[in-house]
Every structure is written in C-alpha cells, then in structure tokens.
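Summary of structural features
Spelled out from the first residue to the last, the chains are:
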Amino acid sequence: MKKIEVGVLGATGMVGQRFVSLLRNHPWFDLAWLAASDRSAGKSYGEACSWRLREPMPESVRTMRVGECKPGGAPQLLFASLDSKVAGEVEKEFARAGHVVVSNSSNHRMDEDVPLLIPEVNPDHLALVRVQRQQRRWSGMIVTNPNCTAVGLVMSLAPLHAAFGIEKVMMTSMQAISGAGYPGVPTLDILGNVIPYIAGEEEKVERETQKLLGKLTDVQVQPSKIVVSAHCNRVLVEDGHTESISVSLNGKASLQDLIGVWRKYRSRPQELHLPSAPAHPIVVRDENDRPQVRLDVESERGMAIVIGRIRHCAVLQFKYTALSHNTIRGAAGAALLNAELMKAEGYLE
Ligand code: NAP
C-alpha cells in the first residue's frame, strides 16, 4: 500500500511532538509537512521545537522546515494540536480548503455536526461528517478526539454502560503537568503542590462524556442522560492522568461481572487490526496498589486504560481507579487511531 502523506498543525508543542514520534515508521502514514506559529515558521524543526520526549527526535524531521498554519502546500490529511486560542478558526480554514483535520483541540468537539470519537466506544459517530460536509458546504472535514481526562473515564464506562446501563458517575482526577502543554505550569505553582483547578476541565469532561456515550440519530448525537460530576486536579506527575471513579449502574452486577466485562472488552479497532489499536484496550490489574503512573502508564504503548482497585462504594455502587497516558491515549495516539479508523472505513478516499 502506498503511504498517505500527512501533516501536523502545532507540531512543536507537547502533543505535536507525540505526533512526530508516533508517526515515525507508521505503516499507513508518512509525515511530510509541519506547521506551528509565526515564532517557529521558517525555522528547521530541530531549531523550533523544545523536544521533551525521552526518545530522540527522529532524524528525518530535524531538518524539515516548519511552515505557517495556512492552507496551500499542505497534505490533505492533517493532525492538529494547536493552542485552543487559534485552533477554532485555523481548523475551519483548512477544512474549508478541502483538508481532513483530525483534531485534539476542544474548540469543535461539541459542535453538533462534528464527530467526537473514541474508536472503541462510538465508531458509528463518524457518520456525522456527512452532515457536516452538507451543512457547511465544504469538501474537507473536522473530526475530534476527547479531552485527555474524558478518554480514561469514558473508556472505562463504555463497556459497563453497554452491559448494565449507567445512572451516575463521580470522578476525581489527578492530572499530569504535560496536559498543560509546554512550558506549562510554572514550577513555583506545582512543586510540592496539588492545584484543585484546571480552567474549563470539569465542564469538558462532563459534557464530552455525555456526547461520547450518546446515540447517533440521522443528523446529530442525542447525549446520554448519565449524571456526571467531575473534580479535576493538577499534580506533579510528568505524563499520566489518574482518576478515582465511583459509579451507579441501572442493572444488577457483581464485582466479578465488572472485571469480566472489562477484561473481555474488544471493539472496532481490534476487529479491524488498526496499527495503533491496543490488543487490550482495558487492562485490569489485580494488585492492591495498581495502577501507578510510573509502572503502568506505558501499557499497550500508552494506548490502554489501566484499571484497578475495583470495590464496592458506600455512596454509589462501585468504585475503581483508572489510569491513561494523556499525550498518547488522551491526545496524539487517540487522533492517530481516529485517522486509522477513517482510512479503514473509507472516509479518506
Ligand atoms: P502546547 O505544547 O502549548 O503546543 C501548542 C502548539 O500550538 C505549538 O505547536 C504552538 O506553536 C502552536 N501555536 C500556538 N499559537 C499559535 C498560533 N497563533 N498560530 C499557529 N500555531 C500556534 O500545547 P499541547 O499540550 O501540545 O496542546 C495542543 C492542543 O491539544 C491544545 O488545544 C490542547 O488543549 C489539546 N490537548 C492537549 C493534551 C495534552 O495532554 N497536552 C491532551 C488533549 C488535548 P509554537 O511552538 O510555534 O508556539
């Protein structure tokens, strides 16, 4: 198969670097174009980017020139990880010009005609792009992945919702600093500290959960009626969001039922053998003190949700801990999996 040329908008940021890293040797996609702000445009990627990943910057991108975020010369398929201050307009400009924009930013996630996707959870929502193209009269499209905290929560809830139905959820997050981009949270704010506020985060997690678990009708998604309450905290962890979750189900279930449903969970990306799909989208740990960021965040190349500490809850019915890699499963890996699903389902032809 001839590889598809792709580009990255916002290639120099935390998520942009993940894209560059994950696209190295990708079997379907070939990274051919990079863009970022005026501060970086015109420079080589090696010069413009403060590379912060443990693995070295791929040699193939070091000398690539960073372009401006303007259509013209970019490949048709673009991954986007732009600062949300500019992402809204820039993404629309590219979609209007015929590009397929697979975005990480929050700006269009809740637009009625924009798919908000987790390929394991709601692959059918991808069909919304037909409505989008018709309504907006553009040949391109925008497809989004969820907020990095919503991903872990929703992937853990989706199999329970399918098996038993969910009534209520409470989630308290401990979110890594890489979730705030680069250079991110100032040292004097976060060192030896927990910050109990991330602007807009709790609202995003609550709304996006309902859209992701909603039902697709002909023209829109009917949000689910699950009651969701989120507390979001920033903690001094490099990568990996940990979530303490309590849940009430509609149907009856035992702890063993929950564990069985999670362990068996496989979905469309696994059936289609998508290159970035984890073999086990949910990994259940039996040890009392897992998941832990340092030990578990790289599970399934950062694409799995790791669940543990599954027990009864005296307020809601069950409680557990879930861990996800925020810049892989919560961002670049999520978008890559979205694009792979789109390719496999014929949306990139
Ligand atoms: P980041 O490290 O701050 O990177 C932002 C990127 O946007 C950089 O490439 C930057 O380029 C570019 N940019 C900034 N202003 C621009 C402008 N005026 N025109 C064009 N490009 C501009 O942020 P990040 O953490 O990678 O996040 C990127 C997006 O993904 C955000 O919308 C964020 O909410 C979302 N997201 C992040 C995570 C995460 O875990 N970090 C997870 C899910 C979603 P320069 O380097 O040239 O300034």
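Conventions adopted
Residues numbered from 1 in each chain as written. Predicted model: local features only at pLDDT ≥ 70, side-chain atom pairs only at ≥ 80, totals over all residues. Heavy atoms only, no water. Helix = DSSP H or I, 4+ residues; strand = E, 2+ residues; numbered from the N terminus. Rg over C-alpha atoms; globule rule 2.2 N^0.38 Å. Buried < 20%, exposed > 50% of the residue type's maximum accessible area, 1.4 Å probe, protein only. Contact = heavy atoms within 4.5 Å. Lys, Arg positive; Asp, Glu negative; His and termini not counted. Charge placed at Lys NZ, Arg CZ, Asp CG, Glu CD. Domains from an automatic or database assignment. Buried area = accessible area lost by both parts, 1.4 Å probe. Salt bridge = Lys/Arg side-chain N within 4 Å of Asp/Glu carboxyl O. Polar contact = N/O pair within 3.5 Å; in protein donor to acceptor, adjacent residues only side chain to side chain. Near = heavy atom within 4 Å. Pairing = 2+ DSSP bridges. Axes fitted to C-alpha atoms, helices over the stretch in contact; angles between N-to-C directions. Disulfide = S-S within 2.5 Å. Phe/Tyr/Trp six-rings, centres within 6.5 Å; stacked < 30°, edge-to-face > 60°.

Tallying secondary structure elements over the chain gives 13 helices and 14 strands in all. Computed over the C-alpha atoms, the radius of gyration of the chain is 19 Å, within 12% of the 20 Å expected from 2.2 N^0.38 for a compact globule of 349 residues. Residues classed as buried in the chain amount to 56% of the 349 residues present. Contacts in the chain between residues at least 24 apart in sequence constitute 74% of all its contacts with a sequence separation of at least 6. The distance from the centre of the 40 positive side-chain charges to the centre of the 38 negative ones in the chain is 1 Å.

Right, let's get into the domain arrangement of the chain. When its domains are assigned, the chain resolves into domain 1 (4–147 + 332–344) and domain 2 (148–325). For domain 1 versus domain 2, the separation of C-alpha centres amounts to 24 Å. Counting residues at the interface gives 36 residues for domain 1 and 41 residues for domain 2. For the pair domain 1 and domain 2, the summed buried area comes to about 3100 Å², and 65% of that belongs to carbon and sulfur atoms. As a salt-bridge pair, D239 and R18 come within 3.5 Å of each other at their nearest N and O atoms. Across the contact surface, domain 1 and domain 2 share 17 residue pairs in polar contact (both at pLDDT 80 or more). Put simply, the parts of the chain that give the side of domain 1 that touches domain 2 at least two residues each are α1 (14–23), α5 (128–136) and α13 (328–344). Sorting elements by how many residues they give to the side of domain 1 that touches domain 2 places α13 first, with seven residues.

In the neighbourhood of the ligand, 28 residues make up the surrounding shell, with T12, S37, R39, S40 and L82 lying closest. In this structure, an oxygen atom belonging to the ligand sits 3.2 Å away from a main-chain N or O atom of G13. Within the backbone of L82, a nitrogen or oxygen atom sits 2.8 Å from an oxygen atom of the ligand. Of all the secondary-structure elements, those providing two or more residues to the shell around the ligand are α1, α4 (84–96) and α13.

The six strands are arranged β10-β7-β11-β14-β13-β12 in an open sheet whose pairing can be described as mixed. Two strands in the sheet have a free side with no partner beyond their single neighbour: β10 (227–234) and β12 (282–284). For this sheet the average axis-to-axis angle between neighbouring strands, irrespective of direction, equals 20°. The pairing of strand β13 (residues 305–312) with strand β14 (residues 318–324) spans five bridges and is classified as antiparallel. Counted as the bridge partner of V306 is L323 from β14. Its contacts with the sheet place helix α6 (residues 148–164) against β7 (166–175), β10, β11 (241–249), β12, β13 and β14, and it is angled at close to 25° to β11. Contacts between helix α8 (residues 201–212) and the sheet are confined to β7 and β10, with β10 contributing the most and set at about 145° to the helix.

Burial of β14 is extensive: six of the seven residues sit out of reach of the surface. The pairing of β11 with β14 spans seven bridges and is antiparallel. The residue bridging S246 from the neighbouring strand is K319, located in β14. Count of turn residues in the β13/β14 antiparallel hairpin: five residues.

For the rest of this paragraph, the subject is the state of the cysteines. A complete count under the given rule lists zero disulfides for this structure. Between C148, a free cysteine, and C232, which holds the nearest cysteine sulfur, the sulfur-to-sulfur gap is 9.0 Å.

We now examine the packing of aromatic side chains. For the coordinates displayed, the defined rule picks out six aromatic pairs. Ring centres 6.4 Å apart and planes at 80° place the aromatic pair Y45 and W51 in the edge-to-face group. When sorted by exposure, Y45 lands in the same class as W51, which is buried. On the numbers, 4.8 Å between centres and 65° between planes, the contact of W262 with Y320 is edge-to-face. Here Y320 lies in strand β14 and W262 lies in helix α9 (residues 255–264), a separation of 58 residues in the sequence. With a relative accessible area of 0%, W262 lands in the buried category. Overall, the relative accessible area of 1% leaves Y320 in the buried class. One aromatic cluster in this structure is built from F19, W28, F29 and F79.

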